[in-house]
Amino acid sequence: MSGIVGYYGLSANEALVPEGEGAFVDGPVGLANPELSSADGRWTITFDGAIHNRAALRTELAGLGRTFVTDGDAEVVLQAFAQWGGAGFDRLNGQFGLAIWDRDEQRLTLARDHFGIKPIQVCRVPADASGSTFEALLFSSEIRPILASGLYQKTPNERSIYRYLAFGAQDDGTQTFFDGIERLQPGEMLEVDADGIRRSMFTRLREELTELAEKQGRYDGAAATAYKERLDEAVRLRLPAQGSVGVPVSEDPGDSDLANSALAVVVGQVGAQPTPISVRPTADEFKADLRDLVRSQEEPLSTSDGYVQFQVMREAGEHVSVLFDSVGAPTAAAEFSGPSGSLLRRGQSRVTARLKGRKDVPVASLLNAQFVGRFADETFPVEQDSVKKRLLEDLFRNTVPGVLRRQDRNARHFAVETRQPFLDKDLVGFVLGLSDDAITKGGWNTRILRDAMRGALPESVSRRRSDIDPTAAQSEWFMRLKNHFYSIFLSEPFANRPYFKQTDVLHAFEGWIKGSNSVDTMTFWRILNLELWLQEYFDEAPQVDKAKVQAAPKEDVQPNAGKNLDITTERGETVRRYPLRTELFDKGDDLDAKVLPRIDEFFATLSDAGPEHDAAIQGRWYLFISEKIIAITQGRSYFIWDIKVGKPARILSKYVTRTPAGIGLGSPFTMQLAIEEAGLPRVLYAAAGGAVGKAIGRKGLFYELVGNQIAAIDGPTEYSAYPSNVSAKLAPKDPDEVAARLSAGIRARVPAAHKDSFAGTIVMDANDIGRNVLGSDVPDDKSRFEEMFADNPLGQGSEQTPMALVFIQS
């Protein structure tokens, strides 16, 4: 699907044209894919959309002397503009985003349809630092071409971010999530020429609908019949002349079932047999598509429902050319029962949460206080007195604009055209002129739609239960993917954002998993979606060292990616390290049963590895094993959400210096483990000593004073394999005894040629910053073994190599 792309005020700039989408016209305005020009060459249009009353308008314009040379919608629009100017846009019934260049007046005109089905974004490029004048105006149906132009300096719009996090607001005004990029509002027109930029509404639709909403027209069977007639006509007008038609049919109950099912019936009655488009997204699919979803949407989504639509569009792209959708159906009243009912529901929810012992966690408590303070005056009022005013509010501000944006982005992503019959001026106006109970009676769906389709729909659809929780699927996905989401909240980029309090977000997510707080998944979705959006559009892409990428599980005689088999220590010893890949370890696993067979396999396959390896393993050798897997099997590794963090741990963790090697005790979860292992008095004593040590320039005094191998406590790291990516762990218990037991097992089964040269087992805590021998059965200087691992040859992420056989060569 192509949209409109262009600029005003610059010489031709090819960077603004999407690849393969034509060239710009000459002059101070550039239009990608100009659709056509008038016969005299005065007007040129680029157009995105469909005009549903094209035939009637064409007849009217022909009667006024306008001649046509094409059958397309774009020429009807161009002739309407030539005849009536900007007022001609109000005569259009359809969905459109357009740009018209007037060569004689040297004026560019942009316009967006009445309901905002088709988007237009604009961006002023300032001529100087003051921003008082502009060098260019960039415009596009999508944000991506503006970003690719090289003329816009990307900056997140922090007001939009705050309103999104605090209220779930999106697409509710002119501002986008990119500072300096704005959207045209539904029914808005923008003109730019030598006199500057002017924005105005070309229609009074909102005012007219507001006036209609004051009426309380009689609702009876005749009204339902009249509504059905108007819906039939709205569908008929939107049927494509060519191509197949689809309608989404949800497999899960929800508010849109009635409207989509009604559309399927009407499409079949007035035109063609529609193809049902049905999807059932799974948590694993959601995880696999999540970053593609974020990338394609260009701005954060208010709910993860956008993924259902993402899948619908993908499926539709395989089967149909046009998809009819129920967006705009007057189901906004489904959850509306006036101010008293709304207050009652909120009160019941809070009472239920308290009775279940759930803690109330305000969204603001999860956000950076300074960030919140900057936007303390922001509000997001929601209509609670009038159902029809609420419907209007949802149509133009609260709900529909965001749904339309995600629909447009998804449709473009999968090259599908969409039609929205419920967003028909006549149909919407008819509903708003009726009494309130035409919408609200029945409680869980729109009464007039149900009555209009009586007898045409299966009872299972027309009488859908009202007790379905619309967030159930999202909650199920989040619980299923809690480890993955936890790793994102734990990541370094997230920790460095100026918007969140990472520790509080982690604690709240932990409480949600346990069911101990009242935070809903919508809150976590917005935090997660925003973080992924920031990573996608603002973080520099990490420089990938191809040498460090582990393409596939390696052979035993190969080093991990980016590492070497051999190293010469500071003492002059040359040693060879063979990292061995293992299965993942879990609590209660038999460590010996998983470790010892891997050593057998190494020696069994060595004969096929080549003479170079035969020569390398003639000297004394050791088993080096990560302390992490020992702790896991001993049950000394704990999921974050299973650690009950106390106030001392939350306070003390804030004063710990973090290093690139890991979170250390800089997390309340790891600090809690330290307190439980060493006792709070000793931790406080060590913390005081550590503060003195910092003052006199002596590092590491805290760990010397606290003892109990507290330095070996590890927090979750995003690069570790599951479950270490969502767990914190203590040092292994009795590591010397574990080392001796493993050594005995090795000597009992290793080939005779290597039994006498086996020297023992080393339990190693190693990362890219430092090494620490925690246990061994070898009477030797521990620092000697730490030197052998100076470059940390193991890998416990995708490599899954938590142990190595180390051979002394010289």
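The structure under discussion appears in the preceding block.
Residues numbered from 1 in each chain as written. Predicted model: local features only at pLDDT ≥ 70, side-chain atom pairs only at ≥ 80, totals over all residues. Heavy atoms only, no water.

Explain the nonpolar core residue by residue, including any values.
By size, the foremost hydrophobic cluster in this structure holds 89 residues, and its most contacted members are F478 and Y486. Broken down by element, the residue count for this core peaks at 9 residues, all from helix α22 (residues 521-537). Setting aside its immediate chain neighbours within four residues, Y486 contacts L506, F509, E510, I513, I640, W641, F669 and V726. Membership of the second largest hydrophobic core comes to 48 residues, among which are L258, V403, I439 and L449. (Core = buried A, V, L, I, M, F, W, Y, C linked by side-chain atoms within 4.5 Å. Buried < 20%, exposed > 50% of the residue type's maximum accessible area, 1.4 Å probe, protein only. Helix = DSSP H or I, 4+ residues; strand = E, 2+ residues; numbered from the N terminus. Contact = heavy atoms within 4.5 Å.)

Run through the side chain of T582, naming residues and quoting values.
For T582, the location among the structural elements is in the loop between β17 (574-580) and α23 (591-605). Other than its neighbours up to four places away in sequence, T582 contacts R598, Q800, P802 and M803.

Which residues make up the side chain of N260, and what values do they have?
Here N260 is to be found in helix α7 (residues 256-270). Setting aside residues no more than four positions away along its own chain, N260 makes contact with V247, P248, D325 and S326.

Go over the packing of aromatic side chains with me, naming the residues and quoting the values.
Each aromatic ring pair is described using two quantities: the centre-to-centre distance and the angle formed by the ring planes. Counted by the stated rule, this structure contains 45 aromatic pairs. Ring geometry for Y162 against F167: centres 6.0 Å apart, planes inclined by 85°, an arrangement best described as edge-to-face. Arranged with centres 5.8 Å apart and planes meeting at 75°, the rings of Y307 and W477 form a pair that is edge-to-face. Note that Y307 is positioned in helix α9 (residues 305-319) and W477 in helix α18 (residues 472-480), a separation of 170 residues in sequence. Here W477 falls in the buried class, since its relative accessible area comes to 6%. A cation over an aromatic ring shows up here: K154 above the ring of F538, its NZ or CZ 5.8 Å from the ring centre. For the cation-ring pair, K594 lies above F585, with the distance from its terminal atom to the ring centre recorded as 4.9 Å. (Phe/Tyr/Trp six-rings, centres within 6.5 Å; stacked < 30°, edge-to-face > 60°. Lys NZ or Arg CZ within 6 Å of the ring centre and 35° of its normal.)

So what's going on with the sheet that holds strand β2 (residues 29-31)? Residues and values would help.
As summarised here, the arrangement of the 5 strands in space is β2-β1-β8-β7-β9, forming an open sheet in which the pairing is antiparallel. In this open sheet, the two strands that pair with only one neighbour each are β2 and β9 (181-183). Adjacent strand axes in the sheet meet at a mean angle of 20° when their direction is disregarded. The sheet contact formed by strand β7 (residues 121-126) and strand β8 (residues 134-140) spans 6 bridges and is antiparallel. (Pairing = 2+ DSSP bridges. Axes fitted to C-alpha atoms, helices over the stretch in contact; angles between N-to-C directions.)

Residues and numbers for the sheet that holds strand β16 (residues 566-568), please.
Reading across from one edge, β16-β17-β23-β18-β21-β22 is the order of the 6 strands in this open sheet, with mixed pairing throughout. Each edge of the sheet is formed by a strand with only one pairing partner; in this case those strands are β16 and β22 (771-776). Averaged over all neighbouring strand pairs, the angle between strand axes comes to 30°, with direction disregarded. One ladder, built from 6 bridges, connects strand β18 (residues 621-626) with strand β21 (residues 758-766); its direction is parallel. Within the sheet, the bridge partner assigned to W621 lies in β21 and is F758. Each of β17, β18 and β23 (803-808) is contacted by α23, which is oriented at about 45° to β23, the strand it contacts most. Lying on the sheet, helix α30 (residues 735-749) is in contact with β18, β21 and β22; it crosses β21 at an angle near 140°.

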